[in-house]
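Fold and geometry: a report
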Amino acid sequence: MNKAKKTYKKVVLAYSGGLDTSVIIPWLKENYGCEVIAVAADVGQGAELTGLEEKALKTGASKLYIEDLRKEFVDEFIVPTVQAGAKYENTYLLGTSFARPVIAKRIVEIALAEGADAIAHGCTGKGNDQVRFELTIKHFAPELDIIAPWRTWEMKSRDDEIAYAEAHNIPIPMTRETSYSKDKNLWHLSHEGLDLEDPANEPMYDKILELGVTPEKAPDEPTYITLSFDKGAPVALNGEKMEALAIIEELNKIGGANGIGIIDIVENRLVGMKSRGVYETPGGTILYAAHEMLEMLCLDRETMHLKQQLAGKFADLVYFGQWYTPVREALSAFVTSTQQTVTGDVKLKLYKGNVMNAGVTSPYSLYSEEFASFGEDEVYDQYDSQGFINLFGLPVKISALLKKARDAKAE
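Residues numbered from 1 in each chain as written. Predicted model: local features only at pLDDT ≥ 70, side-chain atom pairs only at ≥ 80, totals over all residues. Heavy atoms only, no water.

1. Some points on the confidence of the model for the chain
For residues with low pLDDT, the predicted coordinates do not support detailed interpretation. Overall, the predicted model of the chain reaches an average pLDDT of 94, with 96% of residues at or above 70. Per-element averaging of pLDDT across the chain places helix H12 (residues 369-372) at the bottom with 74 and strand S9 (residues 233-237) at the top with 99. (pLDDT = per-residue confidence, 0-100. Helix = DSSP H or I, 4+ residues; strand = E, 2+ residues; numbered from the N terminus.)

2. Some thoughts on unusual backbone geometry
Located in the positive-phi region is Glu89, a residue other than glycine, with phi close to 50 degrees. Position of Glu89 among the secondary structure elements: in the loop between helix H3 (70-84) and helix H4 (99-114). In this model, Leu94 sits at a positive phi of 65 degrees, which is unusual for a non-glycine residue. Within the secondary structure, Leu94 is located in the loop between H3 and H4. When its relative accessible area of 0% is taken as the criterion, Leu94 is described as buried. (Buried < 20%, exposed > 50% of the residue type's maximum accessible area, 1.4 Å probe, protein only.)

3. Some words on the packing of aromatic side chains
Under the criterion given, the structure shown has 17 aromatic pairs. Their ring planes at 75 degrees and their centres at 6.2 Å tell us that Tyr88 and Phe320 sit as a pair that is edge-to-face. Of this pair, Tyr88 sits in the loop between H3 and H4 while Phe320 sits in the loop between helix H10 (301-319) and helix H11 (326-338); the two residues are 232 residues apart in sequence, bridging distant segments of the chain. On the basis of relative accessible area, Tyr88 is assigned to the buried category, the value being 5%. The class of Phe320 is partly exposed, set by a relative accessible area of 22%. Connected via pairs of aromatic rings, a cluster forms that spans Tyr8, Trp27, Tyr32, Trp150 and Trp153. Here the guanidinium or amino end of Arg132 rests over the ring plane of Tyr319, the centre of that ring lying 4.8 Å away. A cation sits over an aromatic face here: Arg328 above Trp323, 4.1 Å from the ring centre. (Phe/Tyr/Trp six-rings, centres within 6.5 Å; stacked < 30°, edge-to-face > 60°. Lys NZ or Arg CZ within 6 Å of the ring centre and 35° of its normal.)

4. Comments concerning the nonpolar core
Ranked by internal contacts, the top residues of the largest apolar core, which has 74 residues, are Phe73, Ile78, Leu94, Trp187, Leu227 and Leu348. Those residues in contact with Leu94 that lie beyond four places of it in its chain are Thr81, Ala86, Tyr88, Ala315, Val318 and Tyr319. Judged by nonpolar contacts, the second largest core, of 30 residues, contains Leu49, Ala56, Tyr164 and Ala165. (Core = buried A, V, L, I, M, F, W, Y, C linked by side-chain atoms within 4.5 Å. Contact = heavy atoms within 4.5 Å.)

And the structure:
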């Protein structure tokens, strides 16, 4: 074991009850001689929280906090990210990424209230989560030390952890054969490891899917739903007013049943390597699609195009753990401004993994049938387009004429 050079009286651990954090509690006590206070954040992982207190105390924690962060997670992180249209590498809906700052923020609050010397986490030295946790901790409590066992202990693999757990009689929720690395919250479920580590392998969907079914197993008849938005935030489903949290939970059920939101990607981690993962985000996929459809109707061209450009930067900031930064706050201020007219109803047709537009209405619609019609109208003289094209294309024409003159001279 790696012998610690520094001692701590009290350490607060970000605790999930999974393999990593189950092993970390006794490891911290062995190596630092400290009291360990565990903090489990409820961000919608459901049954995973069952029995955690007994487990944490049995493995050596002095107490366990279970904090319900679901509403804060949705209202302050998920909805603003959806409004931004942020998708990491144009695909990943950031399910793990934006859960980390809300968890780390609460852990810091508890650590300060408990008078802790340090905060510990179970993130690996190869992953993104270590950055997301630690940047948030540094923002709210730069004076606190951070302990990351994966960067210091002698265990180098999940097999090593399982062996440690078995040697110390620590109950763990997996075996060597079923130890997919998973992260679940109310927004998504991720799967990594085992056969998924080889991108050449097709995922065994029947074995790993938990939030829904594959498109092949979805119903043969489409499902229609209507989502209502107010200033870019979801406020009702099928005409029933609901909080965003309840809407997402219901969309997860509907989307999962229709085979929606399953992606298999190889993404670029912040630390430099690529990783392969399968993500289930049924409700989130529907919500993103509906929001985008409404924006197409309500945003002017220049605002929409600039917003689309900045969406990638917003996604990078979330993925890289930079939520609590001036640049993210500035981008969110811009996004909030763009959402003032993103109000209306979006009808969707869900069918075997697809989310299709079935009609959008808004009191702020910028679409005019009279203007866009191919028929005769009195608002647009088609002859005017000739002058517009002449002016708009003038640089192209001048460049071509000068090139032609140079080529002729060269001959």
